[in-house]
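An overview of the molecular structure
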Amino acid sequence: MNMIGKPYRLRADASDQILLKANSERVFDVRKYGAKRGIDISQALMKAWKDAIASTTPSKILIPKGHWTLSQAHMEGPNKAPINLAVRGTLQAYRNPAQLPVKSQEWVTINYVNHLTISGGGVLDGQGQQAWKMNNCNTNKNCVKLPINLSLNFINDSIIQDITTKDSKNFHVNCISSRNVTFQRFTVSAPGNSLNTDGIHIARGNHIRVLDSIIKTGDDCVSMGDDLNDVLIRNVQCGPGHGISIGSLGKNAQEKNIKGITVQGCTFTGTQNGVRIKTWPSAPATLTVSDLHFLDLTMVNAGNPIVFDQKYCPWNQCDLRRPSLIKISNVEIKNIRGTSTTPDVLSFMCSKAKPCDNIRIGLIDLKYNGNKAITICENIRPIFSARQTPRVC
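Here's a quick rundown of the structure. Just so it is clear, the structure is predicted and the values come from calculations on it, not from any experiment.

Now for the overall build of the protein chain. The secondary structure content of the protein chain amounts to three helices and 29 strands. Against the compact-globule benchmark of 21 Å for 393 residues, the protein chain has a radius of gyration of 21 Å, which places it among compact chains. Considering only C-alpha atoms, the protein chain reaches an extent of 65 × 45 × 40 Å along its principal axes. Burial analysis of the protein chain (393 residues in total) assigns 58% to the buried set. Look at the contacts in the protein chain between residues 6 or more apart in sequence, and 76% of them connect residues 24 or more apart. A total of about 16500 Å² of accessible surface is found on the protein chain, and carbon and sulfur atoms cover 48% of it. Put simply, the protein chain has 47 plus and 29 minus side-chain charges, and the middle of one group is 1 Å from the middle of the other.

Note: strand β21 (residues 288-302) against strand β23 (residues 327-340), 11 bridges, orientation parallel. By the bridge assignment, Met299 is partnered in β23 with Gly338. The pairing of β23 with strand β25 (residues 357-361) spans four bridges and is classified as parallel. What sits directly across from Val331, in β25, is Ile359. Bridge analysis of β23 against strand β26 (residues 364-368) gives five bridges, and the strand direction is parallel.

Scanning all chains against the criterion turns up four aromatic pairs. With a centroid separation of 4.7 Å and an interplanar angle of 5°, the aromatic rings of Tyr112 and Phe154 are classed as stacked. Of this pair, Tyr112 sits in strand β7 (residues 106-114) while Phe154 sits in strand β10 (residues 148-166), and the two are 42 residues apart along the sequence. Phe154 sits in the partly exposed class, given a relative accessible area of 38%. Relative to Tyr312, the ring of Trp280 lies with its centre 5.3 Å away and its plane at 85°, an arrangement referred to as edge-to-face. Of the two residues, Trp280 sits in the loop between β20 (275-279) and β21 while Tyr312 sits in the loop between β22 (306-309) and β23, which places them 32 residues apart along the sequence. For the pair Trp280 and Tyr312, a shared accessibility class is recorded, and that class is buried. Here the guanidinium or amino end of Lys251 rests over the ring plane of Trp280, the centre of that ring lying 4.1 Å away.

Right, let's talk about empty space enclosed by the protein for a bit. According to the stated counting rule, one finds three cavities of 30 Å³ or more in the structure shown. Counted as a void, the largest cavity has a volume near 60 Å³. Around the largest cavity, the lining residues are Leu45, Ile63, Met75, Leu85, Val87, Leu91, Val108, Ile118, Leu124, Leu150 and Ile163. At the level of secondary structure, the elements contributing two or more residues to the lining of the largest cavity comprise β5 (83-87) and β10. Within the lining of the largest cavity, the residues separate by chemical class into 11 nonpolar, no polar and no charged. What the second largest cavity holds in volume is close to 40 Å³. Together, Ala93, Leu100, Trp107, Gly126, Pro147, Asn149, Ser168 and Lys169 line the second largest cavity.

This paragraph deals with the state of the cysteines. Counted according to the given criterion, the structure contains four disulfides. Paired by a disulfide, Cys313 and Cys318 hold their sulfur atoms 2.1 Å apart. The buried category is assigned to Cys313, whose relative accessible area is 16%. Between the sulfur atoms of Cys350 and its disulfide mate Cys356 the distance is 2.0 Å. Here Cys350 and Cys356 share a disulfide; its torsion about the S-S bond, -100°, makes the bridge left-handed. Classification of Cys356 by relative accessible area gives buried; the value is 6%. Between Cys175, a cysteine without a disulfide, and Cys221, which holds the nearest cysteine sulfur, the sulfur-to-sulfur distance is 17 Å.

Once that is clear, we can look at the pattern of salt bridges. For side chains of opposite charge, pairing can occur when their charged atoms come near one another. In total, this model carries 11 salt bridges according to the counting rule given. Close ionic contact of Asp167 with Lys166 constitutes a salt bridge, the shortest N to O distance being 3.0 Å. The partly exposed category is assigned to Lys166, whose relative accessible area is 29%. Asp230 is the salt-bridge partner of Arg209, the closest N and O atoms lying 3.1 Å from each other.

The rules behind these values
- Residues numbered from 1 in each chain as written.
- Predicted model: local features only at pLDDT ≥ 70, side-chain atom pairs only at ≥ 80, totals over all residues.
- Heavy atoms only, no water.
- Helix = DSSP H or I, 4+ residues; strand = E, 2+ residues; numbered from the N terminus.
- Rg over C-alpha atoms; globule rule 2.2 N^0.38 Å.
- Buried < 20%, exposed > 50% of the residue type's maximum accessible area, 1.4 Å probe, protein only.
- Contact = heavy atoms within 4.5 Å.
- Areas by Shrake-Rupley, 256 points an atom, 1.4 Å probe, with all protein chains shown as cover.
- Lys, Arg positive; Asp, Glu negative; His and termini not counted.
- Charge placed at Lys NZ, Arg CZ, Asp CG, Glu CD.
- Pairing = 2+ DSSP bridges.
- Phe/Tyr/Trp six-rings, centres within 6.5 Å; stacked < 30°, edge-to-face > 60°.
- Lys NZ or Arg CZ within 6 Å of the ring centre and 35° of its normal.
- 1 Å grid on protein atoms, 1.4 Å probe; cavity = no way out; pocket = protein on both sides within 12 Å on 5 of 7 lines; lining within 4 Å.
- Points joined across faces, edges and corners; volume = space filled by probe spheres on them.
- Nonpolar A, V, L, I, M, F, W, Y, C, P; charged D, E, K, R; others polar.
- Disulfide = S-S within 2.5 Å.
- Salt bridge = Lys/Arg side-chain N within 4 Å of Asp/Glu carboxyl O.

Take a look at the structure:
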């Protein structure tokens, strides 16, 4: 991982290589494949994609300015040369999720592609308002699976920049089993009451970046699953939303370790949480979560600014008498400032079976609406430096 404090530069095999070749791109305009305003452009987009991935020179698929209806798109590689999906207009999904041609949890999907750029300043509008009313997954295990706006799987050496995802019916973005992927100047736009609309969900990947982005949604701004290594989330404005979360973890015995997560220079405004780690008790997984850095974070009336919750058990789905078997260790928490809407500004509820280890806490300056704030500490012995307000543990 890059050392904290040093300027971070995108690897040349990702965005730089693609941008250097931009002038020689071959353009595939969806209008030349039959795309017209007011009708579904999915077939035109898929024809353009087919030609673009066959190109042996860098290519650009162009969706021009304006509003375009898209029922669904499932785009797969492999590609032979760098490819740029340039969304300059607004792609609009059908409002009713039942109208998806293929019943799945995905609206726009891109799989098995290297050197991909998604850019253009446009919008992926999931038109999710009707679907949010259908979301009862918190109480119904057989709930309807709603589509994700943008699903990226097995994507390598790629960049998603200057694009907006709006009002997704489910998660805005999934980024799974991918390597060296950067989201930069990326915008998520949805109201705080949009259920289960995580901004960016990352799992089973390495060298993932979320930089200089604005995420406003109804669930986690960024959520992280298992099997992750080397993730940097920097200069993200989060809120409304539930904060930035690692987990929940532990339900699946096959889950793999998480290592090397940095959240730096982010602002949480009116969020339900700040930075949070969630692990299930009475669950089989025994993975480790280590080498975490939470640095230079600003809380603006944010609830629960720093939370380690190893008793995560929503809707009483577990046995709290059996502790979590997940180990949290080697964590740096430094320069956390601002205001909290909850009195417990730092909450370390660690597992009695696997106590938190090597938790290093630097400067903390958090206030609870102008009143005295408190901390909660279970099964943890922090290592202190600098000053903490309130006093920790």
